[in-house]
Structure formats: C-alpha cells, structure tokens
Amino acid sequence: MEAKVVVLSPLHKDAKKSFKCGSDFLDKYLAQFAFQDQQKKLSVCFVFENPSEEIIGYYTLNASSIDAKNIIDQRLMPFKTNYQTLPIILIGRFAIDQQFKGKGYGKKLLSDALKRCTQQAHQIGACAVFVEPKDESARQFYLKFGFRGLPDQNKMFITMQNLIKIYSVFH
Ligand SMILES: CC(C)(COP(=O)(O)OP(=O)(O)OC[C@H]1O[C@@H](n2cnc3c(N)ncnc32)[C@H](O)[C@@H]1OP(=O)(O)O)[C@@H](O)C(=O)NCCC(=O)NCCS
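Residues numbered from 1 in each chain as written. Predicted model: local features only at pLDDT ≥ 70, side-chain atom pairs only at ≥ 80, totals over all residues.

### Observations concerning the sheet that holds strand 6 (residues 148-149)
Formally: Strands pair, by our definition, only if DSSP identifies at least two bridges between them. In this description a helix means any DSSP run of H or I spanning at least four residues, a strand means any run of E spanning at least two, and both kinds are numbered starting from the N terminus. We call two residues in contact whenever the C-beta atoms placed from their backbones are within 7 Å. The axes are straight lines fitted to the C-alpha atoms, using for helices just the contacting stretch, and the angles between their N-to-C directions are given from 0 to 180°.
The strand order across the open sheet formed by seven strands is 1-2-3-4-5-7-6, and the pairing between neighbours is mixed. Looking at strand neighbours, the two that pair on one side only are strand 1 (4-7) and strand 6, the edges of this open sheet. Pairing geometry for strand 3 (residues 55-67) and strand 4 (residues 85-96), over 10 bridges, is antiparallel. Bridged to Leu61 within strand 4 is Ile91. On the sheet, helix 4 (residues 105-120) packs against strand 1, strand 2 (44-49), strand 3, strand 4 and strand 5 (128-131) and is oriented at approximately 40 degrees with respect to strand 3.

### Thoughts on the site of the ligand
Note the threshold: Placing the C-beta atom from the backbone, one calls a residue near a molecule or strand if that atom lies within 6 Å of it. Any residue outside Ala, Val, Leu, Ile, Met, Phe, Trp, Tyr, Cys, Pro, Asp, Glu, Lys and Arg is labelled polar, Gly included; the first ten of those are nonpolar and the last four are charged.
Near the ligand there are 21 residues, and of these Lys101, Gly106, Lys107, Ala138 and Gln140 occur at the shortest range. Looking at the shell around the ligand, the elements that each hand over two or more residues are strand 4, helix 4 and helix 5 (136-144). Broken down by element, the residue count for the shell around the ligand peaks at five residues, all from helix 5. Split by residue class, the shell around the ligand holds nine nonpolar, seven polar and five charged.

So this is what it looks like as structure tokens:
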C-alpha cells in the first residue's frame, strides 16, 4: 500500500500529535486547530498518511480574495479587470514531518494540492493559488514549483490559467 492524501478526521487524533515539521506553529496548528477550523468550514485540512498511519505531511485549503489593484497594474494576471478584489484559493498551511523531509514528499503533496485547486476552479471561480511562505527557505521551495512573489508582500502565487495548462488532464 502507498501513502495517500485524505481529509483530516478524528481517526488522526493520535498521529497528529506526533507530527513535527520544525515549526512549532505548524505542528500546533495541526494538533489543536486544524480540525476545529474544518468543522467551522473555515478551511479543509488534507493529510498525507502512510500505511503505518503516520502523518507524512499536511496542507490546508480555503477560499480567499486579494486586492486586485497591484496585481492588475503590474500585469501579473493574464487579463485586465475593474474588479477591486479577485477570488483565489489559499494554501494556508503546508508542511512535511522532519523524518520524511528530502524524500520527494513535499513535491508530491504540493502537486496534490495544486491539482485539487485546479479541479475546484472548474466549479468555483478562482484566478490563482496563493501561499504565504513562512521564511526564505519556504520561499525557495515554492519558487522551484513556479510560484511568483508579489512585490513588498509575503505572498506568492501561480495563476489558474498556468495551472490548468500544467494539469490539463483534469478538465
Ligand atoms: C519546505 C518543505 C515543505 C519541503 O518538503 P520536502 O519533502 O523536504 O521537499 P522534497 O523532498 O519534496 O523536495 C522537492 C524539491 O524541492 C527542493 N526543496 C526542498 N526544500 C527546499 C527548500 N527549503 N529550498 C529550496 N528547495 C527546496 C528539493 O531539493 C527538491 O528539488 P528537486 O525536485 O529538484 O530534487 C519542508 O521542508 C517543510 O515542511 N518545512 C517546514 C514547514 C515549511 O516551511 N512549510 C512551507 C510553507 S510555510
């Protein structure tokens, strides 16, 4: 059996307490707040688990919006619009447990997240996927996968049009 991505559930009660990614904030979020947020429909947490039911990594997704002005003025989107805000999907948290780092799991999990966002964008409008890297190392990780930084903001994004080209098999 292979590792698989599933929605966080009460079955992960013990495994989520053992998760250690090197960021206390991200560990604590999974252990204490992710399920609560999910029940309130603020976000959905996806867990990458192996056949031993260990959590390799996790990410969260939620609907969000961004101020259109800078993005449109700087021609960062492949279109013009007069809307003041743009609908996006936010990967709010993303982390791999330290014991599984450097083995390609981050790449697999990010690909899962981006495919899922692409599929959702055929049902609900969202013109980009955003992340908020927690430090320079995370920024470098996202740069590798085609995310672009927003000037003067700790936000990075990929346009949905680019994602649809990459994951065209899903539409
Ligand atoms: C950043 C993180 C998700 C990477 O996960 P990982 O499983 O070690 O990454 P992978 O092994 O899948 O690496 C995939 C590619 O990214 C590169 N990479 C991994 N971490 C990187 C980093 N910090 N900076 C630059 N490149 C990185 C790898 O070299 C690899 O490149 P390759 O495909 O050319 O070989 C993980 O280290 C982590 O959870 N860190 C703590 C939390 C965090 O920073 N979250 C990010 C959002 S805030």
